[in-house]
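Remarks on the overall topology
The chain contents come next:
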Amino acid sequence: MYAGLRDIKRFTIAATDGDIGINKDFLFDDRAWTVRYMYVDTHKWLPLGEKVLISPISLRHIDMEEEKIEVNLTKKKVKESPSIDEHQTVSRAYEELYYKYFGYGYYWTGPGAWGEYAHPTALSQINPTIAIEELEKTDLTDKPKSNHLRSIDELQGYTIKASDGSFGQIHDVILDTENWEIPLIVVDTHQILPGGKKVLIAPKHIDAINWLEQNISSHLSEDDIKHCPEYDPVLLNDSAYQAKVKTKLLAL
């Protein structure tokens, strides 16, 4: 299922024994264009509640009607998870601690977005000790020493610079809830198209993100953008619409 992150950003996170918080943001890998964590505010549900990270590895179900994200965790497990300072960057060292605590296999030890697997939930069945042993077998120069996690909140509103000028701003990103990858990006093109038309591009059309200057470079031209598929949230999960979008984006 495809879903705009604007739509599910404020969903309630439900543990196996009750609600535990409100999703406030997402952390995504800006190289793999994959959402790695939900950033959850627990202060209404847990004593001395704080903001915690919850990985889609624990996902059970996303209920769009009830606006809930159900996870295979208990309140106690979340409460005792490694604390995260909201003003600090999530480091690879913290991720190792986090994954060991929950007993997950590492996503950074394989070739794909989730290691050897296509879906994040598969990593909940792996002994992290095995992942560590595999990591130690690799050459030191090949070991991942850092991650590339950034806030989706931060990304929204960034200006997109085309090859021949700016053509819009990031309005939203689309999540594939099966693999938690980001297949589509919604761009508000009010700068070049009348009426603030919103169109879809793919991560492959983005060359670089300048986090300091808050802009994104793309090899697409303004004319390319005018021919991008128009965003229709109502049809987002319609197979014919998805096929049409894919065909148009492949042609760019």
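Residues numbered from 1 in each chain as written. Predicted model: local features only at pLDDT ≥ 70, side-chain atom pairs only at ≥ 80, totals over all residues. Heavy atoms only, no water.

Within the protein chain, the regular secondary structure consists of seven helices and 14 strands. With 252 residues in all, the protein chain has 48% of them scored as buried. Long-range contacts, defined here as pairs at least 24 residues apart, represent 55% of the contacts in the protein chain between residues at least 6 apart. Put simply, the protein chain shows about 12,400 Å² of open surface, and 47% of that area lies on carbon and sulfur atoms. (Helix = DSSP H or I, 4+ residues; strand = E, 2+ residues; numbered from the N terminus. Buried < 20%, exposed > 50% of the residue type's maximum accessible area, 1.4 Å probe, protein only. Contact = heavy atoms within 4.5 Å. Areas by Shrake-Rupley, 256 points an atom, 1.4 Å probe, with all protein chains shown as cover.)

Further remarks concern the packing of aromatic side chains. The final tally for this structure, using the stated rule, is 16 aromatic pairs. Relative to Tyr-99, the ring of Tyr-98 has its centre 6.0 Å away and its plane inclined at 50°; by these criteria the two rings are tilted. Side by side, Tyr-98 and Tyr-99 carry an identical accessibility label, which is buried. These aromatic residues form a ring-pair network of at least three members: Tyr-37, Tyr-94, Tyr-98, Tyr-99, Tyr-101, Phe-102, Tyr-104, Tyr-106, Tyr-107, Trp-108 and Trp-114. Between the NZ or CZ atom of Arg-36 and the centre of the ring of Tyr-107, over which it lies, the distance is 3.8 Å. (Phe/Tyr/Trp six-rings, centres within 6.5 Å; stacked < 30°, edge-to-face > 60°. Lys NZ or Arg CZ within 6 Å of the ring centre and 35° of its normal.)

Turning our eyes to something else, we now look at the environment of Leu-155. Along the chain, Leu-155 falls in helix α5 (residues 152–155). Along the primary structure Leu-155 and Val-173 are separated by 18 residues, whereas in three dimensions their C-alpha atoms are 9.3 Å apart. Beyond its immediate stretch of four places on either side in the chain, Leu-155 contacts Phe-28, Trp-33, Ile-170, Val-173, Ile-209, Trp-211 and Ile-216.

This paragraph deals with the pattern of salt bridges. Counted under the stated rule, the structure contains six salt bridges. Of the charged contacts, one joins Lys-68 and Asp-19 as a salt bridge, the two residues approaching to 3.1 Å between their closest N and O atoms. Here the residue Lys-68 occupies a position in strand β7 (residues 68–71), and Asp-19 occupies one in strand β3 (residues 18–29), the gap between them amounting to 49 residues. Of the residues examined, Asp-19 reaches a relative accessible area of 22% and is grouped as partly exposed. (Salt bridge = Lys/Arg side-chain N within 4 Å of Asp/Glu carboxyl O.)

In terms of backbone geometry, most residues other than glycine have negative phi values and most peptide bonds are trans. Its identity is not glycine, yet Trp-180 carries a phi of approximately 60°, on the positive side. Within the secondary structure, Trp-180 is located in the loop between β10 (165–176) and β11 (184–188). Residue Trp-180 is classed as buried on the basis of its relative accessible area, which comes to 0%. One non-glycine residue, Gln-214, lies in positive phi territory at about 60°. Taking the relative accessible area as the measure of exposure, Gln-214 reaches 48% and is therefore partly exposed.

The next thing to look at is the side chain of Asp-41. By the secondary structure assignment, Asp-41 is in strand β4 (residues 34–41). A polar atom in the side chain of Asp-41 sits 2.7 Å from the side chain of His-43. Among residues more than four places away in sequence, those in contact with Asp-41 are Ile-20, Gly-21, Ile-22, Lys-24, Glu-50 and Lys-51. (Polar contact = N/O pair within 3.5 Å; in protein donor to acceptor, adjacent residues only side chain to side chain.)

We now examine helix α3 (residues 92–102). An α-helical turn contains 3.6 residues, so a residue and the one three or four places further along point in the same direction. Buried within α3 are the following residues: Arg-92, Tyr-94, Glu-95, Tyr-98, Tyr-99 and Phe-102. Taken down its axis, α3 places every buried residue within 150° of arc, on the same side. (Arc of directions from axis to C-beta.)

For the rest of this paragraph, the subject is the confidence of the model for the protein chain. Here the protein chain shows a mean pLDDT of 88. Residues at 70 or above account for 89%. Helix α4 (residues 128–137) is the least confidently modelled element of the protein chain, averaging 58 in pLDDT, while β7 averages 98, the highest of any element. (pLDDT = per-residue confidence, 0-100.)

Here the focus is the nonpolar core. Ile-54, Tyr-99 and Leu-155 are the most contacted members of the largest nonpolar core, which has 64 residues in total. Counting residues in hydrophobic clusters, the runner-up holds 10 residues, among them Ile-174, Ala-202, Tyr-231 and Tyr-241. (Core = buried A, V, L, I, M, F, W, Y, C linked by side-chain atoms within 4.5 Å.)

For the rest of this paragraph, the subject is the side chain of Asp-63. The topology assignment puts Asp-63 in strand β6 (residues 59–63). Despite its burial, Asp-63 pairs with no opposite charge; the closest candidate is Lys-68, at 8.1 Å N-O. Of the polar contacts made by the side chain of Asp-63, one reaches the backbone nitrogen of Glu-66; its length is 2.9 Å. With residues near it in sequence (within four places) discarded, Asp-63 still touches Phe-11 and Lys-68. (Lys, Arg positive; Asp, Glu negative; His and termini not counted.)

To continue, consider helix α7 (residues 239–250). With 12 residues, α7 should reach 16 Å at 1.5 Å per residue; the first-to-last C-alpha distance of 16 Å fits that figure. Taken together, the buried positions of α7 are occupied by Tyr-241, Val-245 and Leu-249. Angular distribution of buried residues about the axis of α7 spans 65°; they occupy a single face of the element. Turned more than 90 degrees from where α7 packs its buried face, Ser-239, Ala-240, Lys-244, Lys-246, Thr-247 and Leu-250 sit exposed. The elements touched by buried residues of α7 are β11 and β12 (198–201). Where α7 begins, the capping side chain belongs to Asp-238, and its oxygen is found 3.1 Å from the backbone nitrogen of Ala-240. (Expected span 1.5 Å × (residues − 1).)

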